[in-house]
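Single-letter residue listing:
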Amino acid sequence: MNAADIKVKRVSSRKRSREHLRTHLRPAGRTAGGGPCPQKCPQTWRLCSIMADPQYCSDSEDLFGDYDSILEDSSLLAKLDDAEQTERQRDVQPQIQPDFTTLRPPKDAIRRQSCEDVLTDSILDALGDEPFEDLPASQLQFQEQVDERAKRIRLQDGDKTSTPVRNVEDKPQRQTGRRRSMKDQLKRTMVCNAAAPSPVSRSVMLKEAVVSEEISVAMQAMETVSTETTDLGPFFGLPSKVKELMFKLRGIRSLYDWQETCLNLDCVQQRKNLIYSLPTSGGKTLVAEILILRELLCRRKDCLFILPYISLVQEKVRGLAVLGLELDFLVEEYAGSKGRFPPVKRRNSKSLYIATIEKAHSLVNSLIESDRIDALGLVVVDELHMLGDGSRGAVIETTLAKVLYTNKSTQIIGMSATLGNIRDLQTFLRAENYTNDFRPVQLKEYVKLQDTIYEVDPKEEDCFKFSRLLNFKYSSSMQKTDPDHIIALVTEVIPTHSCLVFCPTKKNCENVAGMICRYLKEEFLQIREAEKAVLLRELRESGNGSVCPVLRRTVPYGLAYHHSGLTSEERKLVEEAYAGGVLCLLTCTSTLAAGINLPARRVILRSPYVATDFLKRSQYKQMAGRAGRAGIDSEGESILILQDRDRNMAKTLVCAPMENCYSNLLQDDGKGLLSLILSLVGLNISRSLDQVLDFLSGTLLSVQQKQLCAEKSLTETVQQSVQLLKDKQLVSVSEDAHGQSLHITKLGKATYKGSVDLTYSDLLYSDLCKGLEGLLLNSHLHLLYLVTPYDMIAQCKPDWMLYLRQFTLLSAAEQKMSAAVGVPESFVARKAAGQTVRKSVNMDAVRRMYLALVLFFLLKETNLWSVADRFQLSRGFVQSLLSSSSAFCSCVLHFTEELEELWPFRALLSELTRRLSYCVTAELVPLMEVAGVMELDLCFFFSPERSSFITPAIKRCLTWRTPTRRFSAAPSKTCLRNKPIRSWLLPRCC
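Model, not experiment: these values are computed from the prediction.

### Some thoughts on the overall build of the protein
Alright, step 1. When its secondary structure is counted, the protein shows 44 helices and 19 strands.
Alright, step 2. Taking all 990 residues of the protein together, 49% fall into the buried category.
Alright, step 3. A fraction of 73% describes how many contacts in the protein between residues 6 or more apart in sequence connect residues 24 or more apart.
Alright, step 4. Accessible surface, the protein as shown: approximately 48600 Å² in total, 50% of it carbon and sulfur.

### Focus on the environment of glutamine 707
Alright, step 1. Among the secondary structure elements, glutamine 707 is positioned in helix α29 (residues 705-708).
Alright, step 2. Every residue in contact with glutamine 707, bar those within four places of it in the chain, is listed here: Asp424 and Tyr662.

### Some points on the pairing of strand β4 (residues 351-355)
Alright, step 1. Of all five residues making up β4, five are buried, and the element is well covered by its neighbours.
Alright, step 2. Of the two faces of β4, both are covered, the one formed by Ser351, Tyr353 and Ala355 as well as the one formed by Leu352 and Ile354.
Alright, step 3. The pairing of strand β2 (residues 302-306) with β4 spans four bridges and is parallel. Across the sheet, residue phenylalanine 305 finds its bridge partner in β4, namely isoleucine 354.
Alright, step 4. Here strand β3 (residues 330-334) pairs with β4 via five bridges, running parallel. Counted as the bridge partner of glutamate 333 is isoleucine 354 from β4.

### Thoughts on the sheet that holds strand β1 (residues 273-277)
Alright, step 1. The sheet built from seven strands is open, its strands ordered β3-β4-β2-β5-β6-β1-β7 with parallel pairing. Edge positions in the open sheet fall to β3 and β7 (431-435), since each of these has one partner strand only. Across the sheet, the mean angle separating the axes of adjacent strands is 15° when strand polarity is ignored.
Alright, step 2. Where β1 and β7 come together, five bridges link them in parallel fashion. Each bridged residue has a counterpart across the sheet, and for serine 277 the counterpart in β7 is threonine 435.
Alright, step 3. The sheet strands contacting helix α12 (residues 310-327) are β2, β3 and β4, and the helix crosses β3 at an angle near 170°.

### Considerations on the pattern of salt bridges
Alright, step 1. By the definition in use, this model includes 24 salt bridges.
Alright, step 2. Two residues, arginine 346 and glutamate 332, come together in a salt bridge whose shortest N-O distance is 2.8 Å. In this pair, arginine 346 sits in the loop between β3 and β4 while glutamate 332 sits in strand β3, placing the two residues 14 residues apart along the sequence.
Alright, step 3. Using a relative accessible area of 32% as the deciding quantity, one classes arginine 346 as partly exposed.
Alright, step 4. For glutamate 333, the salt bridge identified is with lysine 338, shortest N-O distance 3.8 Å.
Alright, step 5. Under the relative-accessibility criterion, glutamate 333 is labelled buried at 2%.

### Let's talk about the environment of serine 779
Alright, step 1. With respect to the secondary-structure elements, serine 779 resides in the loop between α32 (758-773) and α33 (781-786).
Alright, step 2. Given the relative accessible area of 10%, serine 779 is considered buried.
Alright, step 3. Along the primary structure serine 779 and serine 811 are separated by 32 residues, whereas in three dimensions their C-alpha atoms are 9.5 Å apart.
Alright, step 4. Apart from residues lying up to four places away in sequence, serine 779 is in contact with Glu814 and Phe856.
Alright, step 5. Within polar-contact distance, the side chain of serine 779 engages the backbone nitrogen of leucine 781 at 3.2 Å.

### Things to note about the side chain of arginine 601
Alright, step 1. With respect to the helices and strands, arginine 601 occurs in the loop between α23 (591-594) and β14 (602-605).
Alright, step 2. With residues up to four places along the chain from it excluded, the contact list for arginine 601 reads Val493, His497, Ser498, Ala627, Gly628, Arg629, Asp633, Glu635, Gly636 and Glu637.

### Some remarks on the pairing of strand β11 (residues 499-502)
Alright, step 1. Residues Cys499 and Val501 line one face of β11 and the alternating positions Leu500 and Phe502 line the opposite face, and both faces are buried.
Alright, step 2. Of the pairings in the sheet, the one linking β11 to strand β13 (residues 585-588) comprises four bridges and is parallel in character. Across the sheet, residue cysteine 499 finds its bridge partner in β13, namely leucine 585.
Alright, step 3. As paired strands, β11 and β14 are joined by four bridges and run parallel to one another. Its bridge partner being in β14, phenylalanine 502 is matched across the sheet by leucine 605.

### Quick word on the nonpolar core
Alright, step 1. Judged by nonpolar contacts, the single largest core of 120 residues is most densely connected at Leu304 and Tyr803.
Alright, step 2. Examining the composition of this core, we find that 13 residues originate from one element, helix α37 (residues 843-861), more than from any other.
Alright, step 3. If we skip the residues at most four places from it in the chain, tyrosine 803 touches Pro798, Val823, Val828, Val846, Met849, Tyr850 and Leu853.

### Let's talk about unusual backbone geometry
Peptide bonds are, in most cases, trans, and in most cases residues other than glycine have a negative phi.
Alright, step 1. Residues phenylalanine 341 and proline 342 are joined by a peptide bond in cis, for which omega reads -15°.
Alright, step 2. Within the element layout of this structure, proline 342 appears in the loop between β3 and β4.
Alright, step 3. Cis geometry marks the peptide bond from isoleucine 494 to proline 495, where omega comes out at 5°.
Alright, step 4. Within the fold, proline 495 resides in the loop between α17 (486-491) and β11.
Alright, step 5. Phi is positive for arginine 300, close to 55°, though the residue is something other than glycine.
Alright, step 6. Looking at the element boundaries, arginine 300 is found in the loop between α11 (284-297) and β2.
Alright, step 7. By relative accessible area, arginine 300 is classed as partly exposed at 32%.

### A look at the packing of α37 against helix α38 (residues 864-871)
Alright, step 1. Where α37 contacts α38, the two axes come as close as 9 Å, and the packing angle between them is 145°. Crossing handedness for the pair α37 and α38: right-handed. In contact with Tyr850, Leu853, Val854, Phe857, Leu858 and Glu861 of α37, α38 contributes Leu864, Ser866, Val867, Arg870 and Phe871.
Alright, step 2. Grouping the constituent residues of the contact of α37 with α38 by class yields eight nonpolar, one polar and two charged.

### A look at the side chain of threonine 788
Alright, step 1. By secondary structure assignment, the location of threonine 788 is in the loop between α33 and α34 (800-807).
Alright, step 2. Assessed through its relative accessible area of 0%, threonine 788 is described here as buried.
Alright, step 3. In this view, threonine 788 contacts Arg848, Leu851, Ala852, Leu855, Ser885 and Phe888; residues no more than four positions away in its chain are not counted.

### Notes on α32
Alright, step 1. Look at α32: 24 Å from first C-alpha to last across 16 residues, which is about the 22 Å you get at 1.5 Å a residue.
Alright, step 2. The set of residues buried in α32 consists of Leu758, Ser761, Leu764, Asp767, Leu768 and Gly771. Projected onto a plane normal to the axis of α32, the buried residues spread over an arc of 140° and lie on a single side.
Alright, step 3. Near the N-terminus of α32, the side chain that reaches the backbone nitrogen of threonine 759, with its oxygen 2.9 Å away, is that of aspartate 757.

### So, the packing of aromatic side chains
Alright, step 1. With the rule as written, the count across this model stands at 18 aromatic pairs.
Alright, step 2. Aromatic pair tyrosine 334 and tyrosine 353: ring centres 5.8 Å apart, planes at 90°, arrangement edge-to-face. Highlighted residues: tyrosine 334 in strand β3 and tyrosine 353 in strand β4, separated in sequence by 19 residues.
Alright, step 3. Among the residues examined, tyrosine 334 registers a relative accessible area of 1% and is labelled buried.

Cut-off values and rules
Residues numbered from 1 in each chain as written. Predicted model: local features only at pLDDT ≥ 70, side-chain atom pairs only at ≥ 80, totals over all residues. Heavy atoms only, no water. Helix = DSSP H or I, 4+ residues; strand = E, 2+ residues; numbered from the N terminus. Buried < 20%, exposed > 50% of the residue type's maximum accessible area, 1.4 Å probe, protein only. Contact = heavy atoms within 4.5 Å. Areas by Shrake-Rupley, 256 points an atom, 1.4 Å probe, with all protein chains shown as cover. Pairing = 2+ DSSP bridges. Axes fitted to C-alpha atoms, helices over the stretch in contact; angles between N-to-C directions. Salt bridge = Lys/Arg side-chain N within 4 Å of Asp/Glu carboxyl O. Polar contact = N/O pair within 3.5 Å; in protein donor to acceptor, adjacent residues only side chain to side chain. Core = buried A, V, L, I, M, F, W, Y, C linked by side-chain atoms within 4.5 Å. Left-handed = near helix turned anticlockwise from the far one by under 90°. Nonpolar A, V, L, I, M, F, W, Y, C, P; charged D, E, K, R; others polar. Expected span 1.5 Å × (residues − 1). Arc of directions from axis to C-beta. Phe/Tyr/Trp six-rings, centres within 6.5 Å; stacked < 30°, edge-to-face > 60°.

Okay, here's the thing in structure tokens:
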């Protein structure tokens, strides 16, 4: 490998102060009138005084680009200094030249000349006597230029040495010109040094070179790949550094056999689309991550990773951010209100977009509209079977169909649970299928009827085979409290092993956790007591001094509950404590199974219901699949608690074949199809009915139209949808030579670009236009009302006394605004008094105003606990309301950007989106936008008594000194300049 091929990553060192380098001297060219130096030169005068002069480096221009390449090289300074001192001594010594004594200048001229001339030919000669093997490349090039120039001068002057008489004035002029040339070369070389990498050790250079070479080899192999080639490089086409990072960060030494087989499939090597199906906890995600890294590093293309929930997106961002920093790619979060449309276009770094289903759809739309969809090399979809999950499934189908239609080179990888009609999905995605029943830990499924445990065995006629009887003595009081024998089942495994208890409702989770604690022995309190105390302290800090009374009682026993009623900070702390073994049991809802991966030795399903709905087989498999921890347990157990009335339905649940997955574009009166047609017209993908039908031929709906379009053909359905869009004034139809042409209206463009539900688009437009007539600007209440999500209104059940109490706290202007939107004080007062209200009132507006009041007080107090207590709501619901409002506010902002008549909302909603995203006071918003800064960090430093501590100068300083953002959302303890965030903030501010 040639030295020229070595690519060294630039490491920018911190700029050092140059005040000690400045002197009273200036170059000769800078003295007034070009005359002699007015002051005597000190004997210790150094070349670096010239380098420190503003002519060579201006602090405002930052010539060196954050580091000094020449000034850092002590060997060069030493050589220049020695050569200079030698020249001075030679100039001071009397020179005997018998033939030209009359031409010798006077001594004062010699002194003046030595002050003016710094670098002469003799200095260059002295520099040329010694090799410069340890110099950077740019300085070696400079030395070679100097040597060549010196040789040319000697050759030119060689013919003149025999001339007895020369013009005395020519010498200083020629030397001055030579000095100026030398100065220019120094300046030019210093500029080159600023762009050159700083000196690094040979081992670091070799390591970087090896990684660069491996990536280059992998890229060449990707270009010339064939079906006979299965191994593209050291680690599945990736540099060995990736393998080292997998072990260092995750402890993964080797892959499972099925993972290696899957990565070496011919369809994967040829970049064909792939759907692979395995049971839960089989290691599906690791295969997807390796394919993503190969796309980012080898093919240099952007990637999109679609996940179903915000919590999963945030977890994956945290997990891949470190890989992004190590391997030089960006990890960007698209969830809630986060994400930029279209994404920032970068020349060098490639991006991994990790997005929720809805944000992924908006992202693909923006890439198509900006003609950048070709930059997207890979799309990975987790939980692909969610294609059959209502409106969200319709969004997934729409997103993938657009990618397939607009960019044939984008590879699509789908991870799915086992489905009964996987061939339909293969046809839709034009994909290969890989299926395996591998589980790292064997799973045994049981059901419990009364006090008997049965093993699930599909071979048995009754599906159930007797296993054992429960051996636990129950008192009469315990039998009344725990008729399902949950205490007996959990005490068989805890505290030695972990256990998950899935409950049908959130309230049941809290009740079951409290019940179990009541009958546990005192020894549970002594296990990891100190770590439990730390967990309680952290829970109290996350709640600003408040902690849930249920958790306060259960955590000392090693138990906790987990559901959406907890705040995100509480859920994260509980999850980390459970994963670390501090907690041995969690009572949770079914959302835990679909979210973060927290396996257990035993999984208990408290009931075969979720709320009042009987479990689907996919939900059951997802929850039961959490049993068994790879590398810890030899087997996992799932126990489904049944009542006699549910026995027959349970047989179907545990023994029936997997469910089928169907398109949802026609669900909810064809709302998914309406949204798809609107976006197709808006993106100029389809401009006529025939083109719409051509696009739909590549959807899952087209594959399954025989089952789904039995009553009405797909063509008729599309025609009716177009007419409905026309009636809503979202599209217009015109006649031309080729037939009917479809055009999007301004309202239609605003609707699809804002990702606004078609059900609410006309209502939103009406509310915004009405709001402009009397917009209240001295308070956030009116804006908060306008961005309160319509789909959360149904979840609101106001407490009328609380409603009236909070309503009376509003100012007169705010109460007048409330009456203007249809919620007068008289109505609230009558409802609170239990009186009948004769006048009809829009109850949706009343509920929406109630939610707006929750947001209003939340922004004023920024304390989620106090607001939840004020309105008697769960803190989890309040946080969910805040998150949904932040996302909807972002949608409304994009909606208003497309409509000129709504221009006043653009600046107002832009600021409000930021406030809702961070839920802090306005002064802290700039700090929250610093990468790695979280609310807890700010609360740590900026308590209320230190509010005067935050000044505009501090905000500017913090913002200016922020390192380059590598990812949109970072962990709270992200290190900046090799310091934890807490220790980084304080010195910068102080």
